Amino acid sequence: MHDQPPSSGGEPEKPRRRVSNEDAMVGRAVLSLAVSFHPAPLPIAELNRQLSKSPDDPAVEWAINELVAAGLLHRDSHHIVATRIALNLHRLRLYPPPDPPPKPGQNGS
């Protein structure tokens, strides 16, 4: 009975799938587009047009669901909107850009 921690509904959580590089790229693209559209809602159909040849790409849908679960997007049946935390994280990541780490063998002189 106690093999898995309960989710908020009291049911065992479903095992999460491993995130591939492609999943991560789609997730970043979805979040970037949502941030760029803010404060306007981004139509999911438009998102699929920009990121996929399919009108209901499962990779885009998965990315939306993951970002909603992480608190980075709000969603209704036809639109997504970046959350305040997503906007703040986006700003912190971009301004100022971080210095890249030194490459191995470089001593900075």
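Everything in this summary refers to the structure shown in the same document. Values in this document were obtained by computation on a predicted structure and should not be read as measured data.

When you go through the protein chain residue by residue, the secondary structure sums to four helices and three strands. Traced from its N-terminal end to its C-terminal end, the protein chain shows the element sequence α-β-α-α-β-β-α. The proportion of buried residues among the 109 residues of the protein chain is 23%.

On to the nonpolar core. In this structure, V30, L47, V60, I64, L73, I80 and A82 are the most contacted members of the largest nonpolar core, which totals 19 residues. When sequence neighbours within four positions are dropped, the list of residues in contact with I64 reads V30, I44, L47, L73, R75 and I80.

On to the sheet that holds strand 1 (residues 42-43). Taken in spatial order, the three strands of this open sheet run 1-3-2, and their pairing is antiparallel. One side of each edge strand has no neighbouring strand; the edge strands of this open sheet are strand 1 and strand 2 (73-75). As paired elements, strand 1 and strand 3 (residues 79-82) share two bridges and run antiparallel to each other. Looking across to strand 3, one finds that P43 is bridged to H79.

All right, on to the pairing of strand 3 then. Only one face of strand 3 is covered, namely the face carrying I80 and A82; the face carrying H79 and V81 is uncovered. By the bridge criterion, three bridges tie strand 2 to strand 3 in an arrangement that is antiparallel. Bridging from a neighbouring strand, H74 pairs with V81 of strand 3. Taking the residues that link successive antiparallel strands as the turn, the strand 2-strand 3 hairpin has three residues.

Here the focus is the packing of helix 1 (residues 21-37) against helix 2 (residues 44-51). Relative orientation of the contacting elements helix 1 and helix 2 amounts to 125 degrees, with a least axis distance of 11 Å. Here helix 1 lies oblique to helix 2, going by the angle between them. The element helix 1 and its partner helix 2 pack so that their crossing is right-handed. Where helix 1 approaches helix 2, its residues A29, V30, L33 and F37 are matched on the opposing element by E46, L47, Q50 and L51. Of the residues in the contact of helix 1 with helix 2, the class split is six nonpolar, one polar and one charged.

Once that is clear, we can look at helix 2. Buried within helix 2 we find I44, L47 and N48. Take helix 2 and look down its axis: the buried residues cluster within an arc of 95 degrees, on one side only. Where helix 2 is buried, its residues meet helix 1, strand 1, helix 3 (58-69), strand 2 and strand 3.

What counts and what doesn't
- Residues numbered from 1 in each chain as written.
- Predicted model: local features only at pLDDT ≥ 70, side-chain atom pairs only at ≥ 80, totals over all residues.
- Heavy atoms only, no water.
- Helix = DSSP H or I, 4+ residues; strand = E, 2+ residues; numbered from the N terminus.
- Buried < 20%, exposed > 50% of the residue type's maximum accessible area, 1.4 Å probe, protein only.
- Core = buried A, V, L, I, M, F, W, Y, C linked by side-chain atoms within 4.5 Å.
- Contact = heavy atoms within 4.5 Å.
- Pairing = 2+ DSSP bridges.
- Axes fitted to C-alpha atoms, helices over the stretch in contact; angles between N-to-C directions.
- Parallel < 35°, antiparallel > 145°, perpendicular 65-115°, else oblique.
- Left-handed = near helix turned anticlockwise from the far one by under 90°.
- Nonpolar A, V, L, I, M, F, W, Y, C, P; charged D, E, K, R; others polar.
- Arc of directions from axis to C-beta.

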